[in-house]
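# Structural characterization, general
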Amino acid sequence: MTKKIFIKSYGCQMNVYDAERMAELMDAEGYEQTENMDEADMVVLNTCHIREKAAEKVYSELGRVRLNKQKRETKGKETIIAVAGCVAQAEGQEIIKRAPIVDMVIGPQSYQNLPAVLKEFQLSKKPIVEIEFPEEDKFAKLTQLKAASPSTFLTVQEGCDKFCTFCVVPYTRGAEYSRPVEQIVTDAKKLIGQGVKELTLLGQNVNAYHRQGLDGQDWSLAKLLDELSKLSGLQRLRYTTSHPNDMQDDLIEAHRDNELLMPYLHLPFQSGSDKILKAMNRRHTRQEYIDLVDRIRQARPDMALSTDIIVGFPGETDQDFEDTMNLVETIGYASAYSFKYSPRPGTPGAEMEDQIEEQVKKDRLSLLQKQLTKQQKTFNQSKIGQEMPVLLEKPGRHAGQLIGRSPFLQAVHLDGQDANIGDMVMVKVTEATLNSLQAVMKPSSLTATTAA
Ligand code: 5AD
Ligand code: SF4
């Protein structure tokens, strides 16, 4: 009988990506994925450590997993439990100490060995902790790549050397690493062969990508995008997440020249105050960010911008927060993610004096989010009446309804008529809400091809 595996993923897109790869690895071992923990012979929690009480949440989830394991035991069924992801990396052995039901702790740089670690555990029946950063190329073992949607992520870069003082990523994901171009092209072709039309290149610092290319030269992200845009069948390219300091001229030019590259850019600025940016070790100023956005908009005037913002970093005064609000007003965002600062053990920010009171953080976040919501609504409404290509990705809630994405990454709902998932259709936007657009398909729009 086939065995079942339940994988729960927390946090960022990279974790979702890793969870899909773990599912593929385990599929090859005869484990079928289930959404129902009760019937799972193996449970994997793919954890995130970026904010809030991440580790505590994992321990409380493990409490539920334990009850489930006990229930299964009464029916004579075994459950193997693994903790993966960034909490696994940060906590290591401590997880086994605090939650002895855990059989395996496996970090983001080791999960390609999940089948081998499982076999080792089945032989030894002793808990295993795998959190070193091995020399091997983990992606060489992650070649199955089953595309779940016409729009799919592809990791091209991982890790970070920037050491922003609030962030755990350089510690949990390790040093910046760019995958070889040939490997990426092979993966992209495999995905396109399965009907993928849109690729989002993924990396913690994706625009820091650099690696020797097919011509022996050092290739940047722009060059990689250029190469991928030649692949027949591919219709759209995106990338995320970027650091302002790595937005080189050729990448900005690619937004003007590469027809497959969509007019949407996630460009975190974190704080609008130079004092706080310095304390965060962001290595850019407020004005440099504004100038950068100007250059990007010159290259691509309809560029939709998104960002990440932290409020309540240690030492943030009312004036510093005002500077953040004011920068948001100056730039105008299509969407944004905003967070209360959360001290991460082991990062310099956690050791700083002048930590901000919880209530102040809450108040600032609520003010900021109000403004961001307003901007997002305004941005969506500005598209009413416009025609644009939409890539249809999934069925909607009502019969005949389909949901796709605009070039600007907005969710678009429409009545599907003769269209199918995976089609690129031309639509006219009729309505806009905070989170989506409503549109009608243009007649004969199934011939719509590429970019906006
Ligand atoms: N507290 C709050 N937000 C954080 N982020 C990263 N670390 C922290 C932290 N300690 C946010 C940043 C980053 C996004 C992925 O998460 O804004 O860009
Ligand atoms: Fe974290 Fe800064 Fe690296 Fe982004 S650039 S992953 S925020 S350290």
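Here the structure is a predicted model, which is why all the values come from computation and not from measurement.

### Concerning the site of ligand 1
- The environment of ligand 1 is made up of Ile50, Arg51, Phe166, Gln270, Asp308, Ile310, Phe339, Lys340, Tyr341, Ser342 and Arg344.
- Between Arg51 and ligand 1, the recorded distance is 2.6 Å, taken from a side-chain N or O atom to an oxygen atom.
- A distance of 2.6 Å is found between an oxygen atom of ligand 1 and a side-chain nitrogen or oxygen belonging to Gln270.
- Protein chains bury 87% of the 400 Å² of accessible surface belonging to ligand 1 in isolation.
- Those elements that provide at least two residues to the shell around ligand 1 are β15 (304-311) and β16 (335-340).
- A breakdown of the residues in the shell around ligand 1 according to their chemical character gives five nonpolar, two polar and four charged.

### Concerning the environment of Lys75
- Within the secondary structure, Lys75 sits in the loop between α2 (54-74) and β4 (80-84).
- Classification of Lys75 by relative accessible area gives exposed; the value is 58%.
- Distance from Lys75 to Met247, taken between C-alpha atoms, is 57 Å for residues 172 residues apart in sequence.

### Concerning the site of ligand 2
- Near ligand 2 the following residues occur: Cys160, Lys162, Phe163, Cys164, Phe166, Cys167, Val169, Pro170, Asn205, His243 and Arg282.
- For the shell around ligand 2, the per-class residue count stands at seven nonpolar, two polar and two charged.

### A closer look at the pattern of salt bridges
- Under the criterion given, the structure shown has 30 salt bridges.
- The salt bridge partner of Glu61 is Arg64, with a shortest N-O separation of 2.7 Å. Of this pair, Glu61 and Arg64 both sit in helix α2, three residues apart, which is roughly one turn of that helix.
- With relative accessibility at 5%, the residue Glu61 sits in the buried group.
- Arg295 is the partner of Asp249 in a salt bridge, and the nearest nitrogen-oxygen pair spans 2.7 Å. On the criterion of sequence distance, the pair formed by Asp249 in helix α9 (residues 249-257) and Arg295 in helix α11 (residues 286-299) is long-range, its members being 46 residues apart.
- When its relative accessible area of 47% is taken as the criterion, Asp249 is described as partly exposed.
- Through salt bridges with shared partners, one network takes in Asp18, Lys138, Glu158 and Arg173.

### Concerning a negative patch on the surface
- A cluster of like negative charges, contributed by Asp274, Glu288, Asp291 and Asp294, occupies part of the molecular surface.
- At three residues, the largest contribution of residues to the negative patch is made by α11.
- Tracing the chain through its elements places Asp291 in helix α11.
- On the accessibility criterion, Asp291 (37% relative accessible area) is partly exposed.

### Notes on the sheet that holds strand β14 (residues 264-266)
- What the three strands build is an open sheet, ordered β14-β15-β16; its pairing is parallel. Two strands close off the open sheet at either side, each with one partner strand: β14 and β16. Strand-to-strand twist in this sheet, taken as the mean axis angle between neighbours without regard to direction, amounts to 10 degrees.
- Bridge count between β14 and β15: three bridges; the pairing is parallel. Looking at β15, one finds that His266 is bridged to Ser306.
- Strands in contact with helix α14 (residues 358-381) are β15 and β16; relative to β16, the strand with the most contacts, it is inclined by about 175 degrees.

### Considering the domain arrangement of the chain
- Entries for the chain in the domain assignment read domain 1 (3-130), domain 2 (138-381) and domain 3 (387-447).
- On a C-alpha basis, the centroid separation for the pair domain 1 and domain 2 is 28 Å.
- The interface is formed by 24 residues belonging to domain 1 together with 24 residues belonging to domain 2.
- For the domain 1 and domain 2 pair, buried surface summed over both sides reaches about 2300 Å², with 57% attributable to carbon and sulfur atoms.
- Where domain 1 meets domain 2, there are two salt bridges.
- Arg173 serves as the salt-bridge partner of Asp18, at 2.8 Å between the closest nitrogen and oxygen.
- Inspection of the region where domain 1 meets domain 2 yields 12 residue pairs in polar contact (both at pLDDT 80 or more).
- The set of elements that each furnish at least two residues to the side of domain 1 that touches domain 2 consists of α1 (13-27) and α3 (85-91).

Conventions adopted
Residues numbered from 1 in each chain as written. Chains lettered and ligands numbered in written order. Predicted model: local features only at pLDDT ≥ 70, side-chain atom pairs only at ≥ 80, totals over all residues. Heavy atoms only, no water. Near = heavy atom within 4 Å. Polar contact = N/O pair within 3.5 Å; in protein donor to acceptor, adjacent residues only side chain to side chain. Areas by Shrake-Rupley, 256 points an atom, 1.4 Å probe, with all protein chains shown as cover. Helix = DSSP H or I, 4+ residues; strand = E, 2+ residues; numbered from the N terminus. Nonpolar A, V, L, I, M, F, W, Y, C, P; charged D, E, K, R; others polar. Buried < 20%, exposed > 50% of the residue type's maximum accessible area, 1.4 Å probe, protein only. Salt bridge = Lys/Arg side-chain N within 4 Å of Asp/Glu carboxyl O. Patch = residues over 30% accessible without salt bridge, like charges linked within 9 Å, V, L, I, M, F, W, Y side chains within 5 Å. Lys, Arg positive; Asp, Glu negative; His and termini not counted. Charge placed at Lys NZ, Arg CZ, Asp CG, Glu CD. Pairing = 2+ DSSP bridges. Axes fitted to C-alpha atoms, helices over the stretch in contact; angles between N-to-C directions. Contact = heavy atoms within 4.5 Å. Domains from an automatic or database assignment. Buried area = accessible area lost by both parts, 1.4 Å probe.

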